[in-house]
Amino acid sequence: MDHVFAARAQMGTSLAFHIVFAALGVGLPLLVGIAEGWWLRTHDRAYYDLARTWSKGMAILFAVGAVSGTILSFELGLLWPVFMKYAGGIIGLPFSLEGFAFFIEAIFIGLYLHGWDKLSPRMHWLTILPVVISGALSAGFITLANAWMQMPTGFRIVNGAVTDVQPLVAMFALPWKTEVAHTTLAAYVFTGFAAAAVCAFAWLHGDRRPVVLAGLRVAMIVGAIAIPLQIVVGDVVARFDAAHEPAKFATMEVLERTQRHAPITIGGFPTRDGGIVDPIELPGLLSVLVAFDPNAEVTGLDRIPSNDRPPVAVTHLSFDAMVGSGTALLLIAIAWTVAALRKRAGNRVLMLFVTLGAPLGLIALEGGWFVTEFGRQPWIARGLLRTADAVTTSPDLDARFFGFSLIYVALAATCWWLMRRVGRPGVAS
Amino acid sequence: MTLTPVMAAVAVAGIAMSLYAVLGGADFGGGVWDLLASGPRRAPQRAAISEAIGPVWEANHVWLIFAIVTSFTCFPAAFADVAVGLYAPLSFALVGIVLRGAAFVFRNYAGDATALARTLTVVFGAASLLAPFFLGDALGALATGQYAWTSPFALAVGVFAVTMCAQVAATFILREVHDLAVRTDFRIRAVRATIAVSVAGAIPIALAAATEPGLFAALQHPVAHAAIAVALAAGLAVIACVVTCRDLAARFAVAVEAVAVLGGWFGGQAPALVPGRYTFTSAASSDAMIVAFLVAAACGAVLLIPSLVLLFRVFKAPAR
């Protein structure tokens, strides 16, 4: 494999793996906290059982998230030392704060998971709150670092050296608000629909215990609240990208030439050289989306120097996959809400669709991440440092990529097997 | 010596590394003892280790993350250089860290006496050896200034790190074991491990004298001499306290020993961070960054310290 490609493959695999567990690590404490809180209020035993069952899953998933996150903290240096040499002294602040947020998370998740018999019920419930808060904060802090990579700021380059570093300015790079909101909501969307899908799957297999119904209710409420918010925020993100990250925007929308009446381009097939053929085009809609005006001009790829363009096919198709899955999730949420309000949530067709929420949520999560990261290429920090120039000089990248990929396969397989086991009725921790 | 932002950052990094060496080291050592669990009380020995590590290992592990973040925020140039030069031992250590954490948690949910549980037990123990060995090896290689991670000296430091983790673990667990017989097992192990540490600690020094003249010269630094003296005294104190059942004092002594080794190490080679390549100052990021980091660390500590106290009070109350 090409040296840079091998490094990107390893980093990409690591991030795509970690983001699943990171999102669950942010979302599950909320679900568990709601379940246990509901039990404390109503004394409905089903919600206690639900909190116990989910917290076993949370223990396993959180551990995988912690170790896969550790891999990333090493890989920043092991794969991209040139980037870290530049960027460490500029965006260290959000990373440091993330460190503290992760600390609080790890401490209180220890208290929560091992404290069932050592703390009073109310105290025990209270220990999940810092996990919920610091989980969201740590996702937010890491996203701040990513926002900086999209639009680096807070420093000057004089004779090739970084000077005048302003850590607080660097910490809040321009895309920070939209990116943080979009990432955090993504965690709740994915966790809500994934947990609901597990319950719906059990329901379809004849498991109608109160704990399954309770799980469906809590998870779907979280998912159904998060997904419309996420779509609104996503729309804001797209308009931000159109205004401030034209290369990414033109790539995800496959807009070859700058134009008025710009069309929305949906789907299509990737070509050998990474382009798109035979998409569906909806004339004028992109201009409307960007500026609420069909006459508005939208910047196309022709204004981006050819060596600064992100890869088209993967960015565009990831974008469509995210938007398509997100829309499908919204429809599932609406269908479930209507059925639940009419007290008719228990029907097979609806449950089948709720089960689809897990793969759809995963596609939306990964698709969105791919858009951000592929859409930033060929830069590791846009305009500052190219990915190809940031890579390590150390050898054996192929072997390392395959080695760590094997670890991910082993982790995923064991995790899957254990999750199936702890979800079963009557399994003690 | 005045307190510059750089020196304060060195202090923060030193605190994080020391706490990881002691607390994270105890968890790795627990894995080593899990691997070596034997005799009629094999199962309760393992149960005691699981119980001691379970609630705290994730929090202890964050000290490593925090040390890494501190390094690349405050000393990015050295961080990048070390990550290139020591990619091999760091990758192996990473594999160990990942498999240890995952296998430990997975094992708790794999059921008793299943094939998966047995496999995970082996992985947990082996990974608990691998991680401190290669972290120690990386530290030894760093001290040579050549990143010579396959040198006898570096490898010997790796072995030393493993024995030290075992010693810290056996000493720390004494206060938490309920079963008297199991506690006595660990009491014997703590004494043996302390003797092993003193032997394993002498080997790198002898190897440095024979093969690493530059390094051996650094060991003649008064700070290094003082650190070795403190570590030796602390080791004797560990044995004395363990034998006389002063378990809290034993914990304190073993922590002093670990911190003396690390402190002597970096104090001895100061102001060099990577000998011959970077000093603390030449590797440092801007004062603005370091000051911002220190302020963030101070604010974080306000939340962190009471949380840690709560965690250890709930789970680390002495056994009766």
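Calculation rules
- Residues numbered from 1 in each chain as written.
- Chains lettered and ligands numbered in written order.
- Predicted model: local features only at pLDDT ≥ 70, side-chain atom pairs only at ≥ 80, totals over all residues.
- Helix = DSSP H or I, 4+ residues; strand = E, 2+ residues; numbered from the N terminus.
- Rg over C-alpha atoms; globule rule 2.2 N^0.38 Å.
- Buried ≥ 20, exposed ≤ 12 C-beta atoms within 10 Å, placed from the backbone.
- pLDDT = per-residue confidence, 0-100.
- Expected span 1.5 Å × (residues − 1).
- Axes fitted to C-alpha atoms, helices over the stretch in contact; angles between N-to-C directions.
- Parallel < 35°, antiparallel > 145°, perpendicular 65-115°, else oblique.
- Left-handed = near helix turned anticlockwise from the far one by under 90°.
- Contact = placed C-beta atoms within 7 Å.
- Nonpolar A, V, L, I, M, F, W, Y, C, P; charged D, E, K, R; others polar.
- Core = buried A, V, L, I, M, F, W, Y, C linked by C-beta atoms within 7 Å.

A count of helical and extended segments in chain A gives 14 helices and eight strands. Relative to the 2.2 N^0.38 estimate, which gives 22 Å for 429 residues, the radius of gyration of chain A is 22 Å and therefore close to what a compact globule would have. Seen along its three principal axes, the alpha-carbon backbone of chain A occupies a region of about 65 × 45 × 40 Å. Within chain A, the fraction of its 429 residues that count as buried is 55%.

In this section: the overall build of chain B. Of regular secondary structure, chain B possesses 13 helices and two strands. Its C-alpha atoms give chain B a radius of gyration of 19 Å, within 12% of the compact-globule value 20 Å for 320 residues. Over its C-alpha atoms, taken along the principal directions, chain B stretches across nearly 55 × 45 × 35 Å. Considering chain B as a whole, with its 320 residues, one finds that 57% of them fall into the buried category.

Moving on: the confidence of the model for chain B. Residue and element names in this part refer to chain B. Per-residue pLDDT for chain B has a mean of 91; in total, 98% of the residues score no lower than 70. Confidence scores differ between elements of chain B, with helix α9 (residues 213–218) showing the lowest mean pLDDT of 83 and helix α7 (residues 152–173) the highest of 95. Reported confidences for the modelled complex are a pTM of 0.94 and an ipTM of 0.93.

So, on to the environment of A:Phe172. Residues and elements named next belong to chain A. Inspection of the secondary structure puts Phe 172 in the loop between α6 (167–171) and α7 (176–204). Residue Phe 172 is classed as partly exposed on the basis of its 17 C-beta neighbours within 10 Å. Along the chain, Phe 172 and Pro 152 lie 20 residues apart, while their C-alpha atoms are 9.7 Å from each other.

On to α7(B). Compared with the 32 Å implied by 1.5 Å per residue over 22 residues, the 32 Å span of α7(B) between its first and last C-alpha is a close match. Of all 22 residues in α7(B), 21 are buried, a share of seventy percent or more.

Attention now moves to the packing of helix α8 (residues 180–211) of chain B against helix α10 (residues 222–243) of chain B. All names here are of chain B. Relative orientation of the contacting elements α8 and α10 amounts to 170 degrees, with a least axis distance of 9 Å. Relative to α10, the element α8 is oriented roughly antiparallel. Where α8 crosses over α10, the handedness of that crossing is left-handed. Side by side, α8 and α10 meet where Arg 187, Ala 190, Val 191, Thr 194, Val 197 and Ser 198 of the first sit next to Gly 235, Val 238, Ile 239, Val 242 and Val 243 of the second.

As a further point, take the interface of chain A and chain B. Tallying the contact residues gives 54 residues for chain A and 49 residues for chain B. A breakdown of the residues in the side of chain A that touches chain B according to their chemical character gives 32 nonpolar, 17 polar and five charged.

The next point concerns the nonpolar core. Ranked by internal contacts, the top residues of the largest apolar core, which has 281 residues, are A:Leu31 and A:Ala35. Here this core takes 21 residues from helix α3 (residues 81–114) of chain A, the largest share from any one element.

Moving on to helix α5 (residues 128–150) of chain A. In this model α5(A) runs 33 Å from its N-terminal to its C-terminal C-alpha over 23 residues, within 8% of the 33 Å that 1.5 Å per residue would give. Most of α5(A) sits inside the fold, with 21 of its 23 residues counted as buried.

Turning next to the environment of A:Gly215. All names here are of chain A. Among the structural elements, Gly 215 can be located in helix α8 (residues 210–244). Looking at Gly 215, the number of C-beta atoms within 10 Å reads 28, which means it is buried. Not counting the four nearest positions on each side in its chain, Gly 215 is found in contact with Leu 50, Ala 195 and Cys 199.

A separate point is the packing of helix α1 (residues 3–42) of chain A against helix α12 (residues 348–374) of chain A. Residues and elements named next belong to chain A. At a closest axis distance of 10 Å, the pairing of α1 and α12 adopts a crossing angle of 125 degrees. Classed by the angle they form, the pair α1 and α12 counts as oblique. Handedness of the crossing formed by α1 with α12: right-handed. Of α12, the residues touching α1 (which contributes Leu 15, Ala 16, Ile 19, Val 20 and Ala 23) are Leu 362, Leu 365, Glu 366 and Trp 369.

Time to look at the confidence of the model for chain A. Regions with low pLDDT should not have their predicted coordinates read in detail. Residue-level pLDDT values for chain A average 92, and 99% of them are 70 or greater. Summarising per-element confidence for chain A, the mean pLDDT is lowest in strand β2 (residues 161–163) of chain A (85) and highest in α5(A) (96).

Residue and element names in this part refer to chain A. Following Gln 377, the chain continues into Pro 378 via a peptide bond in cis, with omega recorded as 5 degrees. Counting through the fold element by element, Pro 378 comes out in the loop between α12 and β7 (379–381). Within the chain, Asn 159 stands out as a residue other than glycine whose phi angle is a positive 50 degrees. Looking at where Asn 159 falls in the secondary structure, it is placed in the loop between β1 (156–158) and β2. Classification of Asn 159 by C-beta neighbours within 10 Å gives exposed; the count is 5. The residue Asp 164 is not glycine, and still its phi comes out positive at about 50 degrees. Turning to its location among the elements, Asp 164 is positioned in the loop between β2 and α6. For Asp 164, a count of 12 C-beta atoms within 10 Å puts it in the exposed group.

All names here are of chain A. Positionally, Phe 319 belongs in helix α11 (residues 312–341). When the C-alpha atoms of Phe 319 and Ala 291 are compared, they prove to be 20 Å apart, with 28 residues separating the residues in sequence. Aside from chain neighbours lying at most four places away, what touches Phe 319 is Met 252, Gly 367 and Val 371.

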